[in-house]
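Topology and contacts: notes
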Amino acid sequence: MSTLESAQLRLESSPTSPAADVLRPASPRHSLLVRISHWVTTVCFFALLVTGAEIIASHPRFYWGETGNVLTEPLFKIPIPSSRNLVPTGYGYVLPDQNGWSRALHFQAAWVLVLTGLLYVFSGIIGGHFGTDLLPKKADLSWRGFAGVIAHHLRFQKSDEEDAWSYNVLQRLTYLFVIFVLFPLVIWTGLAMSPSFDSAVPATVNLLGGRQSARTLHFFVSIALVLFLLVHVVMVWRGGFKSRMRAMITGNAPAGKESK
Ligand code: HEM
């Protein structure tokens, strides 16, 4: 049963007022756990982006394999000046310590995101949120279903009221891809850069091609997540920014007309 159907089943009506004005769903559009985990993830993601950018700026070169440093040929480099350069000393050139604040905050935000994500995923599986709200319905998994949703977006059509209570097939597949493919990948490639993780489970690092390959893959998966975020925010805006944000913050979706 979809969120829309389950919400409709729980509608309460009053005999004294017009039905449209008093019909109110008994359950929120998004559960408290989904809302809290969504915003904690968003804050952590922004912290990871800022600190990640700072870490890259200190060494904007990417390699493939196990090792890579200023003396080896990179796979590619980002054309920005490195914020961390070789410093001459009495006994040769050394690299100064990597900026501590960005690495520390990057790890802290990553662990908060991982724990929040685990809570969201386990509760979503046990509570049936994924099965009900995110797994596409069989009937929608057809070229006609996809074409319909894409044509709707290409024609810049307004979302109907039903959309405020459910996700369309593209949204469902995208969210599932982000939750079960991109996030696990970004965590795996992130952990694979840690020397202790490498020595504890080297097979998982070798599978990626080595620690430097893990770093390069981590960078590309992060870019994919940023692209998702940009499209996600545009789609929220297109769907009705005020009402969708209200639903994701308070849990209340509009009972009447979609308010932009
Ligand atoms: C990295 C950051 C973000 C990720 C990974 C993310 C991911 C998601 C996911 C997976 C859902 C579906 C949640 C569920 O029902 O279980 C969702 C919904 C939603 N997100 Fe985000 N989100 C992010 C950032 C944002 C931002 C910055 C905004 C607002 C500007 C936003 C606004 C919303 C809204 C309004 C919904 C409900 C969509 C609807 O009802 O159509 N999200 N997000």
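About the thresholds
Residues numbered from 1 in each chain as written. Predicted model: local features only at pLDDT ≥ 70, side-chain atom pairs only at ≥ 80, totals over all residues. Heavy atoms only, no water. Axes fitted to C-alpha atoms, helices over the stretch in contact; angles between N-to-C directions. Helix = DSSP H or I, 4+ residues; strand = E, 2+ residues; numbered from the N terminus. Parallel < 35°, antiparallel > 145°, perpendicular 65-115°, else oblique. Left-handed = near helix turned anticlockwise from the far one by under 90°. Nonpolar A, V, L, I, M, F, W, Y, C, P; charged D, E, K, R; others polar. Donors = N, O, S within 2.8 Å, 3.2 Å for Na, K, Ca; no water. Tetrahedral: all angles 85-135°; square planar, octahedral: opposite > 155°, others 65-115°. Expected span 1.5 Å × (residues − 1). Bend = angle between axes of the 7 residues up to and from the residue. Core = buried A, V, L, I, M, F, W, Y, C linked by side-chain atoms within 4.5 Å. Buried < 20%, exposed > 50% of the residue type's maximum accessible area, 1.4 Å probe, protein only. Contact = heavy atoms within 4.5 Å.

1. Re the packing of helix α3 (residues 32–58) against helix α4 (residues 100–126)
- One can describe the packing of α3 onto α4 by two numbers: an axis separation of 8 Å at closest approach and a directional angle of 155 degrees. The orientation of α3 with respect to α4, classified from their angle, is roughly antiparallel. For α3 against α4, the interelement crossing comes out left-handed.
- Across the contact of α3 with α4, the residue classes break down as 16 nonpolar, eight polar and two charged.

2. Considering the coordination of the iron atom of the ligand
- Surrounding the iron atom of the ligand are the protein donor atoms H38 (NE2) and H232 (NE2), at 2.0 Å.
- Classification of the site at the iron atom of the ligand as octahedral follows from its six donor atoms and the range of 86 to 178 degrees in their angles at the metal. Residue H38 is found in helix α3, and its partner H232 is found in helix α10 (residues 211–250); the two are separated by 194 residues along the sequence.

3. Structural notes on α10
- The first and last C-alpha atoms of α10 sit only 42 Å apart over 40 residues, clearly below the 58 Å expected at 1.5 Å per residue.
- The sharpest bend along α10 reaches about 105 degrees and sits at G240.
- Phi turns positive, to about 95 degrees, at G251, one or two residues after α10.

4. Observations concerning the nonpolar core
- Membership of the largest hydrophobic core comes to 23 residues, with the highest contact counts inside it found for Y120, L134, I179, F183 and L225.
- Listed by contribution, the elements that provide at least two residues to this core are α3, α4, α5 (129–134), α7 (169–191) and α10.
- Per element, the largest residue contribution to this core is seven residues, and it comes from α7.
- Discounting chain neighbours no more than four positions away, the residues touching I179 are Y120, V121, F130, L134 and P184.

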